[in-house]
Amino acid sequence: MMQLDARQRAMLEEMGVRVFRPELPLGRMDDAPPSPPPGGEAAVPAARVAVARPATVAHAAPISVPRAVPGEIAGMDWDALQQAVASCQACGLCKSRKNTVFGVGDTQARWLVVGEAPGENEDIQGEPFVGQAGQLLDNMLKAVGLNRQGSGAQGVYIANVLKCRPPANRNPQPEEVLQCEPYLRRQVALLQPQVILALGRFAAQSLLQSSVPEVATLPLGKLRGQVHYYEGVPVVVSYHPAYLLRTPQDKAKAWADLCLALDLMRGGAPA
Ligand code: URA
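Structure report, in brief. (Residues numbered from 1 in each chain as written. Predicted model: local features only at pLDDT ≥ 70, side-chain atom pairs only at ≥ 80, totals over all residues. Heavy atoms only, no water.)

**Description of the overall build of the protein chain**
Counting secondary structure elements, the protein chain contains eleven helices and six strands. For the protein chain, buried positions account for 56% of its 271 residues. Of the contacts formed within the protein chain by residues at least 6 apart in sequence, a portion of 75% connects residues at least 24 apart. Summed over all atoms, the accessible surface of the protein chain reaches about 11800 Å², with 52% contributed by carbon and sulfur. (Helix = DSSP H or I, 4+ residues; strand = E, 2+ residues; numbered from the N terminus. Buried < 20%, exposed > 50% of the residue type's maximum accessible area, 1.4 Å probe, protein only. Contact = heavy atoms within 4.5 Å. Areas by Shrake-Rupley, 256 points an atom, 1.4 Å probe, with all protein chains shown as cover.)

**Points about empty space enclosed by the protein**
If you roll a probe as big as a water molecule over the atoms, it shows you where there is empty space left. Applying the stated criterion to the full structure yields three cavities of 30 Å³ or more. Cys88, Cys91, Cys164, Cys180 and Tyr183 are, among the 15 residues lining the largest cavity, the residues nearest its centre. Tallied by class, residues from the lining of the largest cavity come to ten nonpolar, two polar and three charged. (1 Å grid on protein atoms, 1.4 Å probe; cavity = no way out; pocket = protein on both sides within 12 Å on 5 of 7 lines; lining within 4 Å. Points joined across faces, edges and corners; volume = space filled by probe spheres on them. Nonpolar A, V, L, I, M, F, W, Y, C, P; charged D, E, K, R; others polar.)

**Quick notes on the side chain of Lys163**
Among the structural elements, Lys163 can be located in the loop between β3 (156–160) and α7 (174–191). Comment: no salt bridge for buried Lys163; closest opposite-charge side chain is Glu181, at 10 Å. From its side chain, Lys163 meets the backbone oxygen of Asn160 in a polar contact 2.7 Å long. Of note is the side chain of Lys163, whose polar atom sits 2.6 Å from the side chain of Gln187. (Lys, Arg positive; Asp, Glu negative; His and termini not counted. Salt bridge = Lys/Arg side-chain N within 4 Å of Asp/Glu carboxyl O. Polar contact = N/O pair within 3.5 Å; in protein donor to acceptor, adjacent residues only side chain to side chain.)

**Description of the environment of Gly92**
Relative to the elements of secondary structure, Gly92 occurs in the loop between α3 (78–86) and α4 (93–96). Given the relative accessible area of 43%, Gly92 is considered partly exposed. C-alpha of Gly92 to C-alpha of Pro167: the two residues are 75 residues apart in sequence and 10.0 Å apart in space.

**What about the pairing of strand β6 (residues 233–238)?**
The element β6 is extensively covered by neighbouring structure, given that six of its six residues are classed as buried. What you see with β6 is no split at all: Val233, Val235 and Val237 on one side and Pro234, Val236 and Ser238 on the other are buried throughout. Sheet topology note: the strand β4 (residues 195–199)/β6 ladder contains four bridges and is parallel. Across the sheet, residue Leu197 finds its bridge partner in β6, namely Val236. The sheet contact formed by strand β5 (residues 228–230) and β6 spans three bridges and is antiparallel. Bridge pairing in β6 places His228 opposite Val235. The loop that links β5 with its antiparallel partner β6 comprises two residues; one of these, Glu231, has a positive phi angle of about 50°. (Pairing = 2+ DSSP bridges.)

**Things to note about the sheet that holds β6**
Overall, mixed pairing links the six strands, which are arranged β1-β3-β2-β4-β6-β5 in an open sheet. Each edge of the sheet is formed by a strand with only one pairing partner; in this case those strands are β1 (104–105) and β5. The sheet strands contacting helix α6 (residues 132–143) are β2 (111–115), β3 and β4, and the helix crosses β3 at an angle near 150°. Lying on the sheet, helix α8 (residues 201–208) is in contact with β2, β4, β5 and β6; it crosses β4 at an angle near 135°. (Axes fitted to C-alpha atoms, helices over the stretch in contact; angles between N-to-C directions.)

**Regarding the environment of Asp123**
Tracing the chain through its elements places Asp123 in helix α5 (residues 120–125). Judged by relative accessible area, Asp123 falls into the buried class, the value being 2%. Remark: the alpha-carbon pair of Asp123 and Pro166, spanning 43 residues in sequence, is separated by 9.6 Å. With residues up to four places along the chain from it excluded, the contact list for Asp123 reads Ser96, Arg97, Lys98, Asn99, Val101, Pro118 and Arg165.

**Section: the nonpolar core**
Formed by 72 residues in total, the largest nonpolar core has its most connected members in Trp111 and Ile196. Counting residues per element, this core draws most heavily on helix α11 (residues 251–265), at nine residues. With sequence-adjacent residues up to four places away left out, Trp111 is seen in contact with Val144, Leu146, Gly155, Val156, Tyr157, Leu191, Pro193, Val195, Leu258, Ala261, Leu262 and Met265. (Core = buried A, V, L, I, M, F, W, Y, C linked by side-chain atoms within 4.5 Å.)

**Remarks on the environment of Ala117**
On the secondary structure map, Ala117 appears in the loop between β2 and α5. For the pair Ala117 and Ala159, spaced 42 residues apart in sequence, the C-alpha separation works out to 8.6 Å.

**Details of the pairing of β4**
Extensive coverage of β4 is indicated by the burial of five of its five residues. Here β4 shows no split at all, with Val195, Leu197 and Leu199 on one side and Ile196 and Ala198 on the other all buried. Pairing of β2 with β4, which is carried by four bridges, proceeds in the parallel orientation. Note on β4: the bridge partner recorded for Leu112 is Ile196.

See below:
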């Protein structure tokens, strides 16, 4: 059983976990419905940060990198990558987006959080997870000592599978995930995180399609509670914060996932 001290209990309060019961045995988690599309989130003021700001793209402007070319993307530095995303026209989402949403946080961070796709607020502000789900994510991260403005031990980088908002927050389509995938792959290569927290079904599917071939058919609950790998980096799968807003009783499982990732960072979790 996990022993919680006063500080950890305070952390759980940050996440809105009021009554903590001992976590279920890892690998025997309940199944959960797929994470919802990233929508329906009330606008909250965004935390503004200096790192990796997105650029607003006027659709009439000249496009220098119209398609996602994996070979070229694989050699880009952060600035080039961000510019490539800002001008990307690899799929139809470029027509409806207001802003691309590249990512935010410390580019030296040891933690990478991967979500699904920008929602309405993220599309407007050009920053991932700035709605209600983002507020919960920030609280979850705070519970393990991380924040999006932090650096060093407090640093975290937050990105999405898709860099553009799907209209009406519909699910990402396979072609969109395929076209956007090289950008996330390069972000991982540049960041070289020590752990990746994959939030929701699409993040898990996108990151684990090579290592878990049947990933598309598995419920999220079956992917949790174990350590996966993406490009050699340990991946912990957890619930999407938007799902947790609707299903607060699963926050205790999300806390267990965070603890697993934390253990990995401390070198304590089994591979
Ligand atoms: N949901 C996501 O998956 N990503 C965001 O940036 C916002 C909501």
